[in-house]
Amino acid sequence: MSGKIFVAHDALSGLLDDLSKKFKVWIPQMMDQASGHIAFGVYAPGKKPELTRRSRLSPKKILFPSMDTLFKFTYVKDPKDPVRYTIDLKESFDNGPTLVFGARPCDTRGFQTFDQVFLKGQYKDVYYERRRQNTLFATLVCQDSDTACFCSSVGSGPADMTGSDMAVIPIEGGYVIEGLTDAGRKLVETSGSAPSPEQAAAAEQMKRNTAALKIGEDDLTGYADDLTRRFTDMDFWREQVSPCITCGVCTWVCPTCYCFSITDEASGMSGERMRSWDSCMFYLYTLEARGHNPRPTKMERYRNRVGHKFSYFPKKYDGMVSCCGCGRCIRTCPVSIDIRKVVKELKETADDRA
Ligand code: SF4
Ligand code: SF4
């Protein structure tokens, strides 16, 4: 076998039906026709993957759910001494075999940020790790950039298969699906028929053409020191961020934002420890118990958001920018703040002053 199969458009549902017998398959799907809201949901027979329009929400919830039960607890009274009790803990893992089909390269690459933080540090996040180990990515070679996309500006591109197990390559009449890792090749080879020589050649050509595209005008890597120079210039940050209403939607839609809070939800003698998404754009996120807040205004908070992605993270992780250029924060910000413009102005202003 070549490690590739061809799937005609009208055979895609059959393939997903078969795959969903072995995996929990997530696909981008239409959630609301009226608003055109596309997000990742679990495939069920009859559901159609949306592969030609981008999803508003990224697939990050698949490995990092917006609300996740970490464990359940019950206080158990000692029947002989009712003032004493023990705590019975039950870990909660939802980590069966999972396949993400049809994510874009930016989304799959977004999990590289999570990998650095949740897997490669001194401590591993076992909840993320188990899901990561059990999840395969079949990533679409992207044909649908818009003016908010800038994946090439952050070291990636529309055919970048970093972190992918399979490439889904659109050609006339359907898709060539190519295995890229051992697990991906194994799955592909048991899932269909090899493409004809013409189909294989068309897929190679499509990959080459897409890889040659430059999505985004500027190189937005290498800004780590510019941020440091502008750190205390609050006039600069006020100018950039004055319209911000601190809604936090930029962090909600972002495939590389991973702030979270931990809370206990209890009723009577039992309850759950939950992890929920949080946002560094919220005042309460950094409010300390005694009332001090190191990021009291939206200026400090947005500076942190930009600094984290384009300065602190690359300084810590070998130059890796923790933004995949998906453009979601630009599309969804209600006051049209454009992170590309803010980053660019860091350098331009710094250069102007030099
Ligand atoms: S989406 Fe826009 S308005 Fe909302 S917090 Fe982010 S930058 Fe501010
Ligand atoms: S910061 Fe904006 S463009 Fe970058 S990964 Fe997050 S949502 Fe996408």
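What you see is a predicted model, and the numbers here were worked out from it, not measured in a lab. (Residues numbered from 1 in each chain as written. Chains lettered and ligands numbered in written order. Predicted model: local features only at pLDDT ≥ 70, side-chain atom pairs only at ≥ 80, totals over all residues. Heavy atoms only, no water.)

A.B. asks: Even after reading the chapter, I still don't get the environment of Cys-257, so can you show me in this structure?
C.D. replies: Structurally, Cys-257 is set in the loop between helix H9 (249-253) and strand E10 (260-267). Separated by 231 residues in sequence, Cys-257 and Trp-26 place their C-alpha atoms 20 Å apart. Setting aside its immediate chain neighbours within four residues, Cys-257 contacts Lys-60, Phe-114, Thr-251, Arg-305 and Lys-309. (Helix = DSSP H or I, 4+ residues; strand = E, 2+ residues; numbered from the N terminus. Contact = heavy atoms within 4.5 Å.)

A.B. asks: Mind showing me how you'd approach the packing of helix H8 (residues 234-241) against helix H10 (residues 298-316) here?
C.D. replies: The description of two helices packed together rests on the angle between their axes and the distance between the axes. Across the interface, H8 lies against H10 with an axial gap of 9 Å and an inter-helix angle of 85°. In terms of orientation, H8 lies roughly perpendicular with respect to H10. Contact residues: H8 offers Met-234, Trp-237, Arg-238 and Val-241, while H10 offers Lys-298, Met-299, Glu-300, Tyr-302, Arg-303 and Val-306. Here the contact of H8 with H10 is composed, by residue class, of six nonpolar, no polar and four charged. (Axes fitted to C-alpha atoms, helices over the stretch in contact; angles between N-to-C directions. Parallel < 35°, antiparallel > 145°, perpendicular 65-115°, else oblique. Nonpolar A, V, L, I, M, F, W, Y, C, P; charged D, E, K, R; others polar.)

A.B. asks: What should I look at first to understand the nonpolar core in this one?
C.D. replies: Considering soluble globular proteins, one finds that nonpolar side chains tend to be buried as a cluster. Core analysis: the largest hydrophobic core is formed by 26 residues, its most contacted members being Trp-237, Tyr-302, Val-306, Phe-310 and Ile-339. Residue assignment for this core shows that the elements contributing at least two residues are H8, H10, helix H11 (328-332) and helix H12 (339-353). The residues touching Ile-339, leaving out its near neighbours within four places in the chain, are Phe-150, Tyr-302, Val-306, Lys-309, Phe-310, Cys-329 and Ile-330. Among the nonpolar cores identified, the runner-up in size contains 22 residues, and Phe-23, Ile-27, Phe-101 and Met-166 belong to it. (Core = buried A, V, L, I, M, F, W, Y, C linked by side-chain atoms within 4.5 Å. Buried < 20%, exposed > 50% of the residue type's maximum accessible area, 1.4 Å probe, protein only.)

A.B. asks: Looking at this structure, how should I read a nonpolar patch on the surface?
C.D. replies: On the surface, a nonpolar cluster with roughly 490 Å² of combined accessible area is contributed by Tyr-75, Tyr-85, Ile-87, Leu-89 and Met-269. The leading source of residues in the nonpolar patch is strand E5 (residues 81-91), at three residues. Mapped onto the fold, Met-269 is located in the loop between E10 and strand E11 (270-277). (Patch = residues over 30% accessible without salt bridge, like charges linked within 9 Å, V, L, I, M, F, W, Y side chains within 5 Å. Areas by Shrake-Rupley, 256 points an atom, 1.4 Å probe, with all protein chains shown as cover. Salt bridge = Lys/Arg side-chain N within 4 Å of Asp/Glu carboxyl O.)

A.B. asks: Where do I start with the sheet that holds strand E4 (residues 67-78) in this structure?
C.D. replies: Strands pair in a sheet through their backbones, by hydrogen bonds, and they do so in one of two ways: parallel or antiparallel. Reading across from one edge, E5-E4-E11-E10 is the order of the four strands in this open sheet, with antiparallel pairing throughout. The outermost strands of the open sheet, each flanked by one partner alone, are E5 and E10. In this sheet, adjacent strand axes meet at a mean angle of 25° when their direction is disregarded. Taken together, the eight bridges between E4 and E5 define a ladder with antiparallel strand orientation. Across the sheet, residue Tyr-75 finds its bridge partner in E5, namely Ile-87. (Pairing = 2+ DSSP bridges.)

A.B. asks: Just to check I follow, could you spell out the environment of Asp-115 for this structure?
C.D. replies: Within the secondary structure, Asp-115 sits in helix H3 (residues 105-119). Owing to a relative accessible area of 8%, Asp-115 belongs among the buried residues under this scheme. Excluding residues within four positions of it along the chain, Asp-115 makes contact with Lys-120, Tyr-128 and Arg-132.

A.B. asks: What should I look at first to understand the site of ligand 2 in this one?
C.D. replies: Around ligand 2 lies a shell of 14 residues, among which Cys-254, Cys-323, Cys-326, Gly-327 and Cys-329 are the nearest. Among the secondary structure elements, those contributing two or more residues to the shell around ligand 2 are H10 and H11. Taken together, the residues of the shell around ligand 2 break down into eight nonpolar, three polar and three charged. (Near = heavy atom within 4 Å.)

A.B. asks: For this particular structure, what's the right way to read the site of ligand 1?
C.D. replies: Taken together, 13 residues lie near ligand 1, and Cys-244, Cys-247, Gly-248, Cys-250 and Cys-333 sit nearest. Looking at the shell around ligand 1 residue by residue, the classes come out as 11 nonpolar, two polar and no charged.

A.B. asks: Explain the pattern of salt bridges to me, please; I cannot follow it from the model alone.
C.D. replies: Opposite charge on two side chains permits them to pair, given that their charged atoms come into close proximity. Taken as a whole and judged by the stated rule, the model has 25 salt bridges. Measuring nitrogen to oxygen at the nearest pair gives 3.7 Å for the salt bridge that ties Asp-94 to Lys-24. Residue Asp-94 is located in the loop between E5 and strand E6 (98-103), and its partner Lys-24 is located in strand E2 (residues 24-32); the two are separated by 70 residues in the primary sequence. Given the relative accessible area of 34%, Lys-24 is considered partly exposed. Arg-238 serves as the salt-bridge partner of Asp-235, at 3.0 Å between the closest nitrogen and oxygen. Separated by three residues within a single helix, Asp-235 and Arg-238 lie in helix H8, roughly one turn from each other.

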